[in-house]
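Working through the structure, step by step
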Amino acid sequence: MFNSRILSRSRSDQILVWSLRGLAALAGAIVGLIGLFLVLESLPVLQQVGPARFFTDAAWNPLEGLYDLTPMLWGTLWVTLGSVLVATPLGILSAVFCQFYAPARIASFYRRLLELLAGIPSVVYGFWGLVVLVPLINQIHPPGTSLLAGIAILTMMILPTIALVAAASFAKVPPAYLQEAAVLGLSRWTTIQAIVLPAAKSGLFTGVVLGTGRAIGETMAILMVCGNVVQMPRSLFEPLRTLTANIALEMAYATGDHRSALFVSGLVLLGLVVALVAMAEALSQGQIYE
Amino acid sequence: MKPWFKASVLPLALATLWLQSCTQSPEAATSDADSLQGKLVLTGSSTVAPLASQIGKQFEQAHPQVRVDVQTGGSSRGITDVRQGVADIGMVSRALKPEEKDLKSFPIARDGIGVIVHRDNPVQALSDQQLVDIYTGKTINWQPVGGHKAPITVVNKAEGRSTLELFLDYFQLKNSQIQAQVVIGDNEQGIKTVAGNPQAIGYVSIGTAEHDIANNTPIKLLPVGGVAASTQTVQQGTFPLARPLNLVTNTPPQGLQKEFIDFAQSQEVAEIVQQQNFVAIAK
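Nothing here was measured: the structure is a model prediction, and the numbers come from that model. (Residues numbered from 1 in each chain as written. Chains lettered and ligands numbered in written order. Predicted model: local features only at pLDDT ≥ 70, side-chain atom pairs only at ≥ 80, totals over all residues.)

Some details on the interface of chain B and chain A
- With 26 residues of chain B in contact, the opposing surface of chain A contributes 28 residues.
- Mapped by element, the contributors of at least two residues to the side of chain B that touches chain A are helix H4 (75-84), strand S6 (182-184) and helix H7 (187-195) of chain B.
- Partitioned by chemical class, the residues of the side of chain B that touches chain A number 6 nonpolar, 15 polar and 5 charged. (Contact = placed C-beta atoms within 7 Å. Helix = DSSP H or I, 4+ residues; strand = E, 2+ residues; numbered from the N terminus. Nonpolar A, V, L, I, M, F, W, Y, C, P; charged D, E, K, R; others polar.)

In structure tokens:
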């Protein structure tokens, strides 16, 4: 870190520092304002029924005064966790292939392909899922719209993010490490798993966090393939609803307490993201980022 | 642009301006039928809103001085806004309730809700009781109601949708009683879900379903209460699962309000009504 005493105190430096502070404050304020807005919009129903009922009610039937969000909270967690668990090894290993095993031409073609995959809008994934993937799963086990379909679609969506970030961080591993490993006579796989992976772990971790973020916030694709039934899925083939899909499905038609309750969904989602970021921070403390 | 063209256009434009200023005195402008002006605010049902906004566009073209502002927020918002005078016209996608009878309503189209299954499903008709049993989870297989031996996939609409409200109302159900396997948002999503799943049953707007059947989507409409589901039966008023799409006002409409409502009920908008997959009112 820079020591502020060493920095010159010239006028242009002062201007730069203050404008940077201003910009940082602006970025922070946006998050703060969104949080405040969510709280204000959900306040009417929170005051009326109390926060506890959003976790203890028997069901989600806002028009009948039942506001249970827990199945949707779990739904969000299950699809996110499932897709991150599948996409992380796939993404990192495909980056290893791309960076260390593939011939230069194939590697560059493969990278373009991943970039293309990362750029496809989510609604296209959702549409494809609805007309191709869901009928396929339906043949194995009806109704087809299911946790499995959600995990499969999300995996496809976050795989390129994780793979591209992993490939970039592999590329940043100092070449000297690789040369020294070659001098020591290490095999290619030993070099990768004992030297490259540990050296690139902060980048890999960033990729997984970015992927998780995309998975948690995904709405359209999930809404189309998950079935949106508010329940705890008992198997991979059962439908479920996520918090994001809940908001997208009902927002256009909601009024009064119902609308307010949807803002509570947003608030809970924000809480979930905060919890995950805090967890990632705790996990990485002193180990991942040097 | 060629110079000669420029040279000929400018005097022409000036001449037109001069002619206009000459012929149109201010008094003539206000008495002219085409000189309606002002702003019209419509709020309410998101089912009616796309239709109203298309009608509004055509109305604006006919009367360049008028702006039609369409906002959504559900039928109940339409009622409240009209009562409070926030909106000039409310949009309500159902018949008025008894406690709303003080308002004036003007139907501009009808919409029917049809039960759909996959085209390969051998079931030709379901009684109301069979439908209720399927939707409440008492019947979970197609075999007892005349289909193949396969589990039924029940497709329901998300809470708050007016189609759901009408469906529940007709079958005297509460949404919490329904045991669905898939919950969907709009009509197209419902049709895609049923088209991709031979065991599925769902309900969607009849206009949208007919449009997709005409485009060879593998679904079919089942009759409800013994009446075939088609735009004809909806238009005749014989199909039971139907609703009017209304414009409502607080007081008997006058001036701009009246002009717009008359226009929205006229034959001139029949094509827009059809394009939006609704059924024009039989005159």
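What follows picks up the thread again.
Concerning helix H11 (residues 243-250) of chain A
All names here are of chain A.
- Most of H11 sits out of view: 6 of its 8 residues are buried.
- Within the span of H11, buried status applies to Leu 243, Thr 244, Ala 245, Asn 246, Leu 249 and Glu 250.
- Among the structural elements, helix H3 (70-101), helix H9 (201-217), helix H10 (220-225) and helix H12 (256-284) are those in contact with the buried residues of H11. (Buried ≥ 20, exposed ≤ 12 C-beta atoms within 10 Å, placed from the backbone.)

As for H7(B)
- Here H7(B) lies mainly inside the structure; 8 of its 9 residues are buried.
- Those residues of H7(B) that sit buried are Asn187(B), Gln189(B), Gly190(B), Ile191(B), Lys192(B), Thr193(B), Val194(B) and Ala195(B).

Some remarks on the nonpolar core
- In this structure, Ala149(A), Ile153(A), Ile162(A), Ala166(A), Val225(A), Leu51(B) and Ile116(B) are the most contacted members of the largest nonpolar core, which totals 132 residues.
- Counting residues per element, this core draws most heavily on helix H6 (residues 147-171) of chain A, which supplies 18 residues.
- Ignoring sequence-local partners within four residues, the contact set of Ala149(A) consists of Gly129(A), Leu133(A), Val134(A), Ile137(A), Gly144(A), Val225(A) and Cys226(A). (Core = buried A, V, L, I, M, F, W, Y, C linked by C-beta atoms within 7 Å.)

Overview of the pairing of strand S3 (residues 89-92) of chain B
Residues and elements named next belong to chain B.
- Here S3 shows two buried faces, one formed by Ile 89 and Met 91 and the other by Gly 90 and Val 92.
- Pairing analysis gives 3 bridges linking strand S1 (residues 38-44) to S3, with the strands arranged parallel. Note on S3: the bridge partner recorded for Gly 44 is Met 91.
- Direction of pairing for S3 relative to strand S9 (residues 242-249): antiparallel, over a ladder of 3 bridges. Counterpart to Gly 90 in the pairing with S9 is Val 248. (Pairing = 2+ DSSP bridges.)

Focus on the environment of Trp189(A)
- Tracing the sequence through the fold places Trp189(A) in helix H8 (residues 188-199).
- Sequence separation between Trp189(A) and Tyr101(A) is 88 residues; the distance between their C-alpha atoms is 9.8 Å.

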